[in-house]
Amino acid sequence: MANLFGWLLTFFFLISLLAIISYQLMCFADLEFDYINPYDSAARINMAVMPEFVTQAVFCFVCLTTGHFFMFFLSLPYLYYNFRLYRRRKHLVDVTEIYNQLKWEKKQRLIKLCYLIILLVVFIFWLLWTVGNDDY
């Protein structure tokens with residue numbers, strides 16, 4: 001039963017990551033269709049970047065401490081990529097260059113979203129496997 005609670009805890013972290021990335025993509029779409037000005041869009045996106053990084057780090061830590069090593073190893077490349085962006089100081093969107101970098105930033109978020117959806121599918125498989133094999 002404790003294993004199931006560990007899976008559910010990590011499930012909520014994964015869903016919150018999907019929500020943060022989706023929010024960033026919606027902000028880029030609003031900017032692309034000129035519904036919002038670049039300053040507000042960059043401020044909203046930059047406000048969601050650090051919670052994304054922290055949530056991903058906590059997700060990896062929870063997977064490691066609950067013994068879900070397969071999910072931990074699957075989520076490590078994403079954590080490393082975020083860490084590399086942070087170290088190079090390329091994690092924030094620049095207001096003055098937002099239109100020039102719009103395609104790249106959207107592509108980057110879409111790749112992150114696809115990666116998280118694949119991770120979610122694998123996660124749901126392991127969650128159902130655990131529920132099926134759990135002895136009460």
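This text follows the structure it describes.
Because the structure is a prediction, the values reported are computed rather than measured.

Quick word on helix α2 (residues 38–65)
Residues separated by three or four positions in an α-helix point in the same direction, a consequence of the helix having 3.6 residues per turn.
Part 1: End to end, α2 covers 41 Å across 28 residues, agreeing with the expected 40 Å (1.5 Å per residue, within 8%).
Part 2: The positive-phi residue at the C-terminal boundary of α2 is Gly67, with phi of around 85°.

Points about the packing of aromatic side chains
Part 1: According to the stated counting rule, one finds nine aromatic pairs in the structure shown.
Part 2: Pairing Phe33 with Tyr35 gives two aromatic rings, centres 6.4 Å apart and planes at 40°, and the pair type is tilted. As far as the burial class goes, Phe33 and Tyr35 line up, both exposed.
Part 3: Within the aromatic cluster, the residues linked to one another by ring pairs are Trp7, Phe11, Phe12 and Phe123.

Observations concerning the nonpolar core
Part 1: One finds Leu14, Ile21, Met71, Leu116 and Leu119 to be the most contacted residues of the largest nonpolar core, which totals 19 residues.
Part 2: Elements with a minimum of two residues in this core: α1 (2–32), α2, α3 (69–87) and α4 (102–133).
Part 3: With seven residues, the top contributor of residues to this core is α1.
Part 4: Ignoring anything within four residues of it in the chain, the contact list for Leu119 reads Leu14, Phe59, Met71, Leu74 and Ser75.
Part 5: Core analysis: the second largest hydrophobic core is formed by eleven residues, Leu31, Ile36, Ile98 and Leu102 among them.

Notes on the pattern of salt bridges
Part 1: Counting across every chain of the model gives three salt bridges.
Part 2: Across the pair Glu32 and Lys106 runs a salt bridge, and its minimum N-O distance is 2.5 Å. Of this pair, Glu32 sits in helix α1 while Lys106 sits in helix α4; the two residues are 74 residues apart in sequence, bridging distant segments of the chain.
Part 3: Judged by relative accessible area, which is 40%, Glu32 ranks as partly exposed.
Part 4: Overall, Lys106 belongs to the partly exposed group, its relative accessible area being 22%.

Reading the values: the criteria
Position numbers for residues start from 1 in each chain and track the written sequence from start to end. Residues qualify for local features only when their pLDDT is at least 70, as the model is predicted, and side-chain atom pairs are given and counted only at 80 or more; totals for whole chains, interfaces and linings, by contrast, use all residues. In computing side-chain properties, one takes all heavy atoms of the structure into account and sets aside hydrogens as well as water. Secondary structure follows DSSP: runs of H or I at least 4 residues long count as helices, runs of E at least 2 residues long count as strands, and numbering of each begins at the N terminus. A helix is expected to span 1.5 Å for every residue after the first. Aromatic contacts are taken between Phe, Tyr and Trp rings whose centres are within 6.5 Å, Trp giving its six-membered ring; a plane angle under 30 degrees counts as stacked, one over 60 as edge-to-face, and the others as tilted. Each residue is placed in one exposure class: buried if its accessible area under a 1.4 Å probe, protein chains only, is under 20% of its type's maximum, exposed if it is over 50%, and partly exposed if it falls in between. Here the nonpolar core consists of buried residues drawn from Ala, Val, Leu, Ile, Met, Phe, Trp, Tyr and Cys, with membership extended through side-chain atoms lying within 4.5 Å. Note on contacts: a residue pair qualifies if any of its non-hydrogen atoms lie within 4.5 Å across the two residues. Salt bridges are defined by distance alone: a side-chain nitrogen of Lys or Arg within 4 Å of a carboxyl oxygen of Asp or Glu.

Keep in mind these values describe shape, not function.
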